[in-house]
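A look at the structure
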Amino acid sequence: GVSTLWLADAARATGGRVTSFDTDPAAQHDAATSITEAGLADHVDLRLEDGGTALATFGDGAVDLLFLDAERTEYPSWWPHPVRVLRAGGVLVADNALSHPGEIAPLEDLLRSALTAGDLTAVTTIPVGKGELVARRR
């Protein structure tokens, strides 16, 4: 829930909302407690659901920022939804790009293919924390 707290604080400042998915009821309960204690509950929707399954139900261009911090090896099976759901100019961020490069590599390959196809304007890894793989939708 730590990432959700940071994103929710930004959402509060910009009038946005965060939708966070988790498959672990205990982890979601802990996140809900932390979010409420931080006064951010009005800016977060917590859903007990697999993130990849949920992405498949989102409309095209429905997401401004997609932050992936789940089972990295699952991301390729979510394809093409991580890019499809981004609005024009939207950003995808995948955590742990430097700490788990082998697990992130298949997603990065898909993103670089989308870049070549013209769906994205940039794909890069930012060396902050454990590394963030970042892509921007055209």
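The structure we're discussing is the one just above.
As a starting point, this report considers the structure included with it.

Thresholds, definitions, all that
- Residues numbered from 1 in each chain as written.
- Predicted model: local features only at pLDDT ≥ 70, side-chain atom pairs only at ≥ 80, totals over all residues.
- Heavy atoms only, no water.
- Core = buried A, V, L, I, M, F, W, Y, C linked by side-chain atoms within 4.5 Å.
- Buried < 20%, exposed > 50% of the residue type's maximum accessible area, 1.4 Å probe, protein only.
- Helix = DSSP H or I, 4+ residues; strand = E, 2+ residues; numbered from the N terminus.
- Contact = heavy atoms within 4.5 Å.
- Expected span 1.5 Å × (residues − 1).
- Arc of directions from axis to C-beta.
- Polar contact = N/O pair within 3.5 Å; in protein donor to acceptor, adjacent residues only side chain to side chain.

1. Describing the nonpolar core
In this structure, Leu66, Leu68, Leu92, Ala94, Leu111 and Leu133 are the most contacted members of the largest nonpolar core, which totals 20 residues. Elements that contribute at least two residues to this core include exactly β3 (63-68), β4 (86-95), α5 (101-116), β5 (120-126) and β6 (132-137). Of all the elements, α5 adds the most residues to this core, at 4 residues. Those residues in contact with Leu133 that sit more than four places away from it in its chain are Leu92, Val93, Ala94, Ala97, Ile104, Leu107, Glu108, Leu111, Val123, Thr124 and Thr125. Ala11, Ile35, Leu40 and Val44 belong to the second largest nonpolar core, which has 7 residues in total.

2. What about helix α2 (residues 25-37)?
Spacing of three or four residues puts side chains on the same side of an α-helix, whose turn is 3.6 residues. For α2, spanning 13 residues, the distance from its first C-alpha to its last is 18 Å, which sits close to the expected 18 Å at 1.5 Å a residue. Among the residues making up α2, those that are buried are Gln28, Ala31 and Ile35. For α2, the buried positions fall inside an angular range of 60° around the axis, keeping them on one side. Of the residues in α2, the exposed ones pointing more than 90 degrees away from the buried face are His29, Asp30, Thr36 and Glu37. The secondary structure elements touched by the buried residues of α2 are α1 (2-14), β1 (18-22) and β2 (44-48). The backbone nitrogen of Ala26 lies 2.9 Å from a side-chain oxygen of the residue at the head of α2, namely Asp24. Looking at the residues trailing α2, positive phi occurs at Gly39, about 75°.

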